[in-house]
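Okay, here's what each chain looks like letter by letter:
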Amino acid sequence: MSKKERLSQFNRSNILTAAKELFAEKGVTQTTVDDIGKKADCSKSTIYVYFKNKEEIFDCIVLEYYTLLRDGLSNAVKDAENFSAGFYAVCRTIAGFYTQHPMYFDSVLGEIKIVTNDKDAVLFQIYQVGEEINEIMGNFFGEWMAKGQVRSDIPRLPQTIFALWGGVCGIITLAHKKGPYITHRMDATPEEFMENGFRLLLQSVLPVNLDEGR
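Cut-off values and rules
Residues numbered from 1 in each chain as written. Predicted model: local features only at pLDDT ≥ 70, side-chain atom pairs only at ≥ 80, totals over all residues. Heavy atoms only, no water. Axes fitted to C-alpha atoms, helices over the stretch in contact; angles between N-to-C directions. Helix = DSSP H or I, 4+ residues; strand = E, 2+ residues; numbered from the N terminus. Parallel < 35°, antiparallel > 145°, perpendicular 65-115°, else oblique. Left-handed = near helix turned anticlockwise from the far one by under 90°. Contact = heavy atoms within 4.5 Å. Nonpolar A, V, L, I, M, F, W, Y, C, P; charged D, E, K, R; others polar. Phe/Tyr/Trp six-rings, centres within 6.5 Å; stacked < 30°, edge-to-face > 60°. Buried < 20%, exposed > 50% of the residue type's maximum accessible area, 1.4 Å probe, protein only. Lys NZ or Arg CZ within 6 Å of the ring centre and 35° of its normal. Expected span 1.5 Å × (residues − 1).

Caption draft 1: Seen up close, the packing of helix H5 (residues 83-100) against helix H7 (residues 121-146). Remark: H5 packs on H7, axes separated minimally by 10 Å, with the N-to-C direction vectors making an angle of 160°. Between H5 and H7, the crossing angle belongs to the class labelled roughly antiparallel. Every pair of crossing elements has a handedness; the one defined by H5 and H7 is left-handed. Residues Phe83, Gly86, Phe87 and Val90 of H5 form the contact with H7, whose own contacting residues are Met137, Phe140, Phe141 and Trp144. Class assignment for the residues of the contact of H5 with H7 results in 7 nonpolar, 1 polar and no charged.

Right, here's the structure in full:
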């Protein structure tokens, strides 16, 4: 790597680190490019050398966390001893992501911006990471379906996986945002609520009479 490339990498990293801290402290809307420049100890013009605007800075951070999630999901299913174990590992990986990065949960797991070319490089990379996650989950379900641990009568597997993904994210969001209500009215901790919700989702795709621990 050349000196110029090392400097570029350092400046980008410095700007992104400053932005993360400010977004966490003030929120994205209230943070300005000037704020980021002051925090990163660089000029506004320097920021525009590397990023088009504040939105692109935010998207770059989303890409970083989305990539972390992809890698976590890949590891979750890689060595699963059975489908149920892998499914729970996926759920807990997503739940852990919420706990560690709540500010970016909706951005990473929410709206999908369909970008099929690299005209907008960051959004294109985000889209590609999303497709890689879809492939990871599709391969995981397909592998265990072939082994008889996932219902073989699922007509549209991609839709089923997507629906389960939505269910998992919804359960996690409810557990965190409605925690006191869950504890008060349901005599359960948010963690117990999540585990029960994950179990219900899992049972919807298991063959009849298949033990979860098999």
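That covers the picture; the talk isn't over yet.
Caption draft 2: Just the packing of aromatic side chains, in detail. Overall, the coordinates contain 9 aromatic pairs when judged by the stated rule. Considering the side-chain rings of Phe140 and Phe141, the 5.7 Å spacing of their centres and the 85° angle between planes classify their relative orientation as edge-to-face. Per residue, the accessibility class of Phe140 equals that of Phe141, and both read buried. Members of the aromatic cluster, joined through ring pairs, are Phe83, Phe87, Tyr88, Phe140 and Phe141. If you follow Lys147 out to its NZ or CZ, it ends over the ring of Trp144, 4.3 Å from the centre.

Caption draft 3: How the structure looks around helix H1 (residues 3-26). For H1, with 24 residues, the first-to-last C-alpha span of 34 Å sits near the 34 Å given by 1.5 Å per residue. Within H1, the full set of buried residues consists of Asn11, Ile15, Leu16, Ala18, Ala19, Leu22 and Phe23. Along its buried surface, H1 packs onto helix H2 (33-40), helix H3 (44-50), helix H4 (54-78) and helix H6 (102-109). Within two residues after H1, Gly27 carries a phi angle of roughly 95°, on the positive side.

What is shown is where atoms sit, not what they do.
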